[in-house]
Amino acid sequence: MKYGIKELKNEVQLWKEEMSEKFQYDPKVYMPDDSEIVWTFDTKEKLNQWVCTSDSDNKDGFSHCDLTLSKNKKGLFSGFLDCRVPKDGQIKESGYCNIRCLRARKSFKRDSFFDWQMFTHLILRIRGDGRSYMLNLTTTGYFDVMWHDIYNYILFTRGGPYWQVAKIPFSKFFLSSKGRIQDKQDPIPLDKITNIGITCAGKTPGPFQLEIDYIGVHFDGNHTEEFAYEMYNVPSFIVGV
Amino acid sequence: MLYYSTIGPMKSFRPSRSIVTVVHSLWYLGVKRIKSPTALSFIRVKLNRNYNQHYCLHCQPSVVIQIQNFCTTNWVKQNEKGGGSTVKSLTLREEVFQREESRNKKTFITALESYEKRDRLRRGHVEFIYSALKFMEEFGVHKDLAVYKKLLEIFPKGKFIAKNMFQVEFMHYPKQQQCGIDVLDQMESFGVMPDSEVKEILINTFGKQSHVFRKYGRMMYWMPKFKNITPFPLPDPLPKDPLELAKLALRRISVDLQTEISEWNAEELEDSLDKTWIVGSQSPLQRQLLEQHPDDQAVYIEGSFIVWLRQMAVSYFIMRANPKKYPAKEEDLDDVSNITLTMFDHHPESKELMLEPSIHEQEDGTILAMCATGTSSRDSLLSWIRFLQHTNPCLKKIPVVFTLKSPSKELVTVAVNEQESSIAESQEGCKKIPTRDKLSNVSSNEDSSSRTPSKDIADR
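Residues numbered from 1 in each chain as written. Chains lettered and ligands numbered in written order. Predicted model: local features only at pLDDT ≥ 70, side-chain atom pairs only at ≥ 80, totals over all residues. Heavy atoms only, no water.

Under an unreviewed UniProt entry, chain B has the name Evolutionarily conserved signaling intermediate in Toll pathway, mitochondrial and belongs to Limulus polyphemus.

Per an unreviewed UniProt entry, the recorded name for chain A is Complex I intermediate-associated protein 30, mitochondrial-like isoform X3, and the organism is Limulus polyphemus. Recorded in UniProt under Sequence similarities (unreviewed entry), the annotation for chain A is "Belongs to the CIA30 family." (UniProt positions renumbered as here; feature names shortened; annotations may be inferred.)

Take a look at the structure:
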């Protein structure tokens, strides 16, 4: 009961802020070369906004992973990727670890979206170990076929002790669903993004680590590409089936 | 009527008792009279046609072995000459591959060709292809396009091509098409890009409307797009020599374009214990930073960190100094208490100028040099410092502290899949899930399997 009242207080506070913003109507205007840092990994509370899972949690394998605070007060996504396949006759390949942020929320725990329509690039300041990771921008739709819509791109890490700023344009993200690239592609709807995630997977077993300083969005005035992949008209019963 | 015997799982159709007894007796008669197993298996195939549909189309060959009692096509007729007459015996299809003494491309292709020659009608080709797929990695041919083409050519040509739209829609010959899809899937997961010859084989085998061909189309659309997107390209294939790998790794890690990669050998030093190669990287800027480093403050050697070059892990060490703290001068631009009146010839205070911090000065430390050695031992690092002292004489005075994670204590162990040597073992193995028992110690992956794409993408 006490916990409920505390939560109610917080939610009402949030709601008040939302209403005041709505009536003030002073939206942020972004100029070219502006960045907005959306997630930092300074404190444990911020790390609690991320969920860390691996295939062992889904009984699909034996990898384990963790999202912890490193010595430099940065987020450290590390673990061990194990590509052994559990012998249950159904799984063909195994070995994945994933971190994903909690869904964007409005007051009173209502599901919301991240609105990044002003921006052109996703930026991450990371220090990886040379492996490549997969970035997942989930855009869960209303209908069940769209529940697993994820826009992906690969995050290549240099490895080594130097920090790296990866700047990936949103136009390069391609649509996939349940792990399969879709035939009919569309540019990412930037006002419908629900989660962001980073996956470590592959056929090379071993330890992995990715230190993350911040994840943000960037507006690059010179970027004119709308979508990197072709959107031809294709025969309807052959493609997308 | 024979097909609807009570052996099959069809429960809806119940033939009358008399028919059942007749059929049963015929079957038992058959069992009793015919002794050679091949003929019996032929009868079984006729009676148990329904079982084919109970194959899990996505199942592993290990499950196929489980139902091998009914799956007659897993057994292969072998002619063995003994005592002047040929003895026909049965061997498990997988043994065709397990029996080969050496595991290489030549023996794999011999096994494929022996199957092709033995049976003109290509009985059980789907099961054979699945067992071949399973053994490809073991034979080291999993990234060889020519071998995949040979595998796809095992499919009989022309038979599976759909002739009307209903066949297209209902996945004509689904088991064979699924097998074809699985071959292409394995190609994709190992990053092998098909070519136009594969296209011809697929058109001749399955037709342009088939699901296999659609998968080929998807592969040919997406794989070229992702082949060269990496901003850190590496040679293909990667060199196997650890020295070359270390050089590649250090070049990749070093951000400064002026970095010089030097190669030394500890044999040149008399008092070194480990006679190994040492590869070091340092740029002129780092040398300058080291000269500016005060003599009383220590410099730390940290390691061993891992950098992955596709599927090879290289461990490297860094020489790090404590981070330089720049004074943070916060100016309040809105402060109007002390404005300089430039119109009355008052000059504003000259602000402190400083050089922009270099790339090596990071927030957790200044990186002064990096190295990789053959043994990654403390002694080899000592030798590295001795070599560095030639170009950085200040290192003779600066105290050097080793803060190493000793690699021998933190060996990374990866359990390797046990070989399924017999049917009985494999049947039990199917039920067990292997625990995290360390079966083999591997400190760096040395096999040449390429990285799989995560989620259907060729990751190069």
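**Side note on the packing of aromatic side chains**
Aromatic ring pairs are defined here through the distance separating the ring centres and the angle between the ring planes. Inspection of the entire model under this criterion finds 33 aromatic pairs over all chains. Within the aromatic cluster, the residues linked to one another by ring pairs are Trp39(A), Phe41(A), Trp50(A), Phe114(A), Trp116(A), Tyr153(A), Phe170(A) and Phe173(A). Across from the ring centre of Trp163(A), 5.8 Å away, lies the NZ or CZ of Lys74(A), which sits over that ring. A cation sits over an aromatic face here: Lys203(A) above Phe190(B), 4.1 Å from the ring centre. (Phe/Tyr/Trp six-rings, centres within 6.5 Å; stacked < 30°, edge-to-face > 60°. Lys NZ or Arg CZ within 6 Å of the ring centre and 35° of its normal.)

**Structural notes on unusual backbone geometry**
Asp236(B) connects to Pro237(B) through a cis peptide bond whose omega is 0 degrees. With respect to the helices and strands, Pro237(B) occurs in the loop between α12 (211-227) and α13 (242-253). With an omega of -25 degrees, the peptide bond running from Gly303(B) to Ser304(B) counts as cis. With respect to the secondary-structure elements, Ser304(B) resides in strand β5 (residues 299-309). For Tyr25(A), which is not a glycine, the phi torsion comes out positive at approximately 45 degrees. (Helix = DSSP H or I, 4+ residues; strand = E, 2+ residues; numbered from the N terminus.)

**Quick look at the packing of helix α6 (residues 105-118) of chain B against helix α7 (residues 125-139) of chain B**
Residues and elements named next belong to chain B. It is at 11 Å that the axes of α6 and α7 come closest, and there the two elements cross at 175 degrees. By the criterion of interaxial angle, the relationship of α6 to α7 is roughly antiparallel. Of the residues in α7, those touching α6 at Lys-105, Thr-107, Phe-108, Ala-111, Leu-112 and Tyr-115 are His-125, Phe-128, Ala-132, Phe-135, Met-136 and Phe-139. Of the residues that constitute the contact of α6 with α7, the class distribution is 9 nonpolar, 2 polar and 1 charged. (Axes fitted to C-alpha atoms, helices over the stretch in contact; angles between N-to-C directions. Parallel < 35°, antiparallel > 145°, perpendicular 65-115°, else oblique. Contact = heavy atoms within 4.5 Å. Nonpolar A, V, L, I, M, F, W, Y, C, P; charged D, E, K, R; others polar.)

**A few points about the sheet that holds strand β12 (residues 195-201) of chain A**
Taken in spatial order, the 7 strands of this open sheet run β2-β5-β12-β7-β8-β10-β11 (chain A), and their pairing is antiparallel. The open sheet terminates on both sides in strands that have one partner only, identified here as β2 (50-54) and β11 (180-181) of chain A. (Pairing = 2+ DSSP bridges.)

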